[in-house]
Amino acid sequence: MDAEEYRADSRDSWEQAAKGWTSRREDMQASALPVSQRLIEGAALKPGHEVLEVAAGLGDTGLLAASLVKPGGRVVIPDGADAMVEAAKAHAEAVGADNVEVRQMEAEWLDVQTASFDAVLSRWGYMLLADPEAALREARRGLKPGGRIALAVWAPMQENPWIGVIQAQLLGRGLA
């Protein structure tokens with residue numbers, strides 16, 4: 001696999017998918033909410049914590065975390081696709097998340113200070129990266145001592161045959 005070609009194709013796909021994901025946000029978040037909640041529980045978030053949601057897409061998990069780290073905490077919500085970043089910014093503004101920063105950033109080379117976050121979250125992001133190992137090293141670099149990483153990924157297709165049904169539904173709705 002050519003990693004740069006994979007990244008470019010992936011970014012292009014997410015740029016195109018952002019509109020569909022945005023229009024179906026409520027449905028998607030409702031079905032994914034238990035996963036987001038589990039990630040947040042695993043991260044053991046507290047008021048004042050600094051949180052990074054890597055490969056955030058629309059940033060729904062980070063937006064849930066934002067209310068838990070108040071007062072004094074903040075959440076950085078990056079994604080590699082500009083259209084996803086713009087959609088996440090618009091939603092953060094719409095819900096009044098004033099302790100959230102949304103910006104374009106690649107998971108494999110995080111533009112963050114070393115040891116600056118109490119938690120790193122990612123719901124279904126790392127499994128889609130060209131180099132998940134590099135992204136995990138970057139996440140670890142960004143964590144403060146004692147910080148937590150909470151990730152959710154799917155197992156390979158052969159272990160999750162139902163994912164083919166979900167992909168077909170997303171493609172039929174213009175979401176993938």
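What you see is a predicted model, and the numbers here were worked out from it, not measured in a lab.

**Observations concerning the side chain of Thr61**
Then, in step 1: Within the secondary structure layout, Thr61 lies in helix H3 (residues 60–68).
Then, in step 2: Contact partners of Thr61, with chain neighbours within four places excluded, come to Ser36, Leu39, Ile40, Glu53, Leu121 and Arg123.

**Examining the nonpolar core**
Then, in step 1: Core analysis: the biggest nonpolar cluster contains 22 residues, and Leu45, Val51, Val75, Ile77, Val100, Val102 and Leu121 have the highest contact counts within it.
Then, in step 2: Looking at this core, the elements that each hand over two or more residues are helix H2 (25–43), H3, strand S2 (74–79), helix H4 (82–94), strand S3 (100–104), strand S4 (117–123) and strand S5 (143–152).
Then, in step 3: When near neighbours in sequence (up to four residues on either side) are disregarded, Leu45 contacts Ile40, Val51, Ala65, Val69 and Ala119.
Then, in step 4: Membership of the second largest hydrophobic core comes to 14 residues, among which are Leu52, Met105, Ala107 and Tyr126.

**Concerning the sheet that holds S2**
Then, in step 1: Pairing in this open sheet of 5 strands is parallel, and the strands run S3-S2-S1-S4-S5 from one edge to the other. Each end of this open sheet is capped by a strand with a single partner; those strands are S3 and S5. With strand direction ignored, the average angle separating the axes of adjacent strands in the sheet is 15°.
Then, in step 2: Across 3 bridges, strand S1 (residues 50–53) lies against S2 in parallel orientation. For Val51, the partnering residue across the bridge sits in S2 and is Val75.
Then, in step 3: Packing against the sheet, H2 makes contact with S4 and S5, and its axis sits at approximately 150° to S4.
Then, in step 4: Sheet strands touched by helix H5 (residues 132–142): S4 and S5. Its angle to S5, the strand with the most contacts, is close to 140°.

**Notes on the side chain of Glu138**
Then, in step 1: Turning to its location among the elements, Glu138 is positioned in helix H5.
Then, in step 2: The class for Glu138 is buried, based on a relative accessible area of 15%.
Then, in step 3: Polar contacts involving the side chain of Glu138 include one to the main-chain amide nitrogen of Leu110, which spans 2.7 Å.
Then, in step 4: Not counting residues up to four positions away in its chain, the partners in contact with Glu138 are Ala107, Glu108, Trp109 and Leu110.

Rules used throughout
- Residues numbered from 1 in each chain as written.
- Predicted model: local features only at pLDDT ≥ 70, side-chain atom pairs only at ≥ 80, totals over all residues.
- Heavy atoms only, no water.
- Helix = DSSP H or I, 4+ residues; strand = E, 2+ residues; numbered from the N terminus.
- Contact = heavy atoms within 4.5 Å.
- Core = buried A, V, L, I, M, F, W, Y, C linked by side-chain atoms within 4.5 Å.
- Buried < 20%, exposed > 50% of the residue type's maximum accessible area, 1.4 Å probe, protein only.
- Pairing = 2+ DSSP bridges.
- Axes fitted to C-alpha atoms, helices over the stretch in contact; angles between N-to-C directions.
- Polar contact = N/O pair within 3.5 Å; in protein donor to acceptor, adjacent residues only side chain to side chain.

Just geometry here; none of it tells us what the structure is for.
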